[in-house]
Amino acid sequence: MQAESRYLAETIGLLGQLISFPTVSSDSNLAMIKFAADYLHLAGASVIIQESPDRLKANCLASFGPSTGSGYENGIVLSGHSDVVPVTGQDWTSDPFVMRDEDGKLYGRGTCDMKGFIAAVMVMSRHWGTIPLTRPIHIALTYDEETGCLGGQQLMQQLAESAIKPSVCIIGEPTSMKVIEGHKGCYEYSTRFTGLATHGSLTHQGVNAIEYAAQYITKLMQIREELKNVSPEGERFVPPYTTLQIGEIHGGVSRNTIAGDCTVDWEMRPVKTSDADFVKSSINQYVETDLLPTMRERAPFATIETETIGEVVGLTPATHNEARDICFALTGNSQAEVVSFGTEAGLFQGLGVATVVCGPGSIEQAHKPDEFIEKSELSRSLQMLEKMTERLIRA
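(A) Layout of the overall build of the chain. Across its full length, the chain carries nine helices and 19 strands. The burial tally for the chain puts 53% of its 395 residues in the buried class. Long-range contacts, defined here as pairs at least 24 residues apart, represent 81% of the contacts in the chain between residues at least 6 apart. About 17,400 Å² of surface is accessible on the chain, with carbon and sulfur atoms providing 50% of the total.

What follows is the structure in structure tokens.
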């Protein structure tokens, strides 16, 4: 059995504090970001807080180590998102925002996804401001990853325009400390149908938005079946093809009223961008040539409008990947894998930063009631960070 990290108790204590911030994506994360920024500043970091356009949320970017006259170059980014998914409608055994320590597991919303990793990084950061590092270490905390990687996209804009030029990024999403070199993209949409509401007995006069939404969904399901037949040979993802699913439907006001409005929230996880282009072009053509003309025969003002919530690119396996090599050396793994869930990794890769996903906890625990992370996983993450610190100390 692997020895427990000497920093585990401190990390558990800090994780409990982070869990107490209910940073559900629909709410502000500013209190947690201020707490983290103050902690990292006291540890010796140069800290930048980047507010969202509405100023209700923020990213935090903390930098340690050597800088040049022009800024930080060749650094390693340790990245995690501050937001968590809702607990509404979930049957929790205890308060999801009060961490519970039981049977070697730490329960609470965000323990696994992904405040456990953030707590480990923050605890280890207390050393980075006091030792002569050979290259910079950056800690990136983002907002709204769960709802379209909005904070990550804003952070990429800042990095592209700033003097902070990292070369490696490790995203600490829960992978059971496996090294992940590739994942699918995540494209999310909300499609609204506006028809003509009438009395339920006057079906010949109304335009039922729900019924047209149902036809739209049926078409998406047909497209989904087609995608199963175009999976690249030897694809490593499970499942190996681009997936598409309906998440939510909202529409209508009563059983005896023809619905004038309906909204369909849906997503796809493309293996490659050409699949996403195929889905969008196919469904848009169906709307323009079939659905809308029929709706407008009775209601000239009828509309079908799709809002893009987020289009987050996937992480593409690369032949040469310094981040992968570093994680191999730190964790003892010798093989990289791919996963189907999405992260902010593709955003960093898009900036030319070598990127992998590697963090404590299992994705199977994420988003569920009684979410937990095993203490042993947290300890393994700390040991990885300890080894990284040792390697980056200037002789």
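(B) View of the environment of Leu392. Note that Leu392 resides in the segment after α9 (375–391). Sequence separation of Leu392 and Ser25 is 367 residues, and the distance between their C-alpha atoms is 35 Å. Leaving out residues up to four positions away in the same chain, Leu392 has contacts with Ile76, Pro132, Leu133, Thr134, Arg135 and Ile137.

(C) Highlighting the sheet that holds strand β13 (residues 243–251). Strand order in the open sheet formed by four strands is β13-β15-β11-β16, and the pairing between neighbours is antiparallel. The sheet terminates laterally at β13 and β16 (303–312), the two strands that pair on one side only. Shown here is a sheet whose adjacent strand axes are inclined to one another by a mean of 15°, direction ignored. Judged from the eight bridges that link them, β13 and strand β15 (residues 261–269) form a sheet pairing that is antiparallel. From the neighbouring strand, Gln245 faces β15, where its bridge partner is Glu267. Here helix α6 (residues 273–296) sits on the sheet in contact with β11 (186–194), β13, β15 and β16, set at roughly 165° to β16.

(D) Quick peek at the pairing of strand β1 (residues 46–51). Here β1 pairs with strand β2 (residues 58–64) via six bridges, running antiparallel. Each residue of the ladder has a partner; that of Ile48, found in β2, is Leu61. In sequence, β1 turns back onto β2 through a hairpin of six residues, with Arg55 there showing a positive phi of about 65°.

(E) Focus on the nonpolar core. Among the nonpolar cores identified, the biggest contains 59 residues, and Leu40, Leu78, Trp128 and Met388 are the most heavily contacted of them. Examining the composition of this core, we find that 11 residues originate from one element, helix α3 (residues 111–128), more than from any other. In contact with Trp128, not counting residues within four places along its chain, are Phe64, Leu78, Val121, Leu133, Ile137, Ile139, Met388 and Thr389. Core analysis: the next-biggest nonpolar cluster, separate from the first, contains 28 residues, Tyr187, Leu220, Val279 and Leu292 among them.

(F) Up close: helix α5 (residues 209–227). With 19 residues, α5 ought to run about 27 Å at 1.5 Å a step, and its terminal C-alpha atoms sit 27 Å apart, in line with that. Among all positions of α5, only Ala209, Tyr212, Ala213, Tyr216, Ile217, Leu220, Ile223 and Leu227 are buried. With its buried residues spanning 145° around the axis, α5 presents them on a single face. Tucked into the core, α5 has its buried residues touching β11, β13, β15, α6 and β16. At the N-terminal end of α5, a side-chain oxygen is found 2.9 Å from the backbone nitrogen of Ile210, two or three residues along, and the residue is Asn208.

(G) Broad picture of the pairing of strand β18 (residues 354–357). The side-chain alternation of β18 yields two buried faces, one formed by Ala354 and Val356 and the other by Thr355 and Val357. Bridge count for strand β9 (residues 168–171) against β18 is four bridges, and the pairing is parallel. Bridging across to β18, Ile171 finds its partner in Val357.

Procedures and definitions
Residues numbered from 1 in each chain as written. Predicted model: local features only at pLDDT ≥ 70, side-chain atom pairs only at ≥ 80, totals over all residues. Heavy atoms only, no water. Helix = DSSP H or I, 4+ residues; strand = E, 2+ residues; numbered from the N terminus. Buried < 20%, exposed > 50% of the residue type's maximum accessible area, 1.4 Å probe, protein only. Contact = heavy atoms within 4.5 Å. Areas by Shrake-Rupley, 256 points an atom, 1.4 Å probe, with all protein chains shown as cover. Pairing = 2+ DSSP bridges. Axes fitted to C-alpha atoms, helices over the stretch in contact; angles between N-to-C directions. Core = buried A, V, L, I, M, F, W, Y, C linked by side-chain atoms within 4.5 Å. Expected span 1.5 Å × (residues − 1). Arc of directions from axis to C-beta. Polar contact = N/O pair within 3.5 Å; in protein donor to acceptor, adjacent residues only side chain to side chain.

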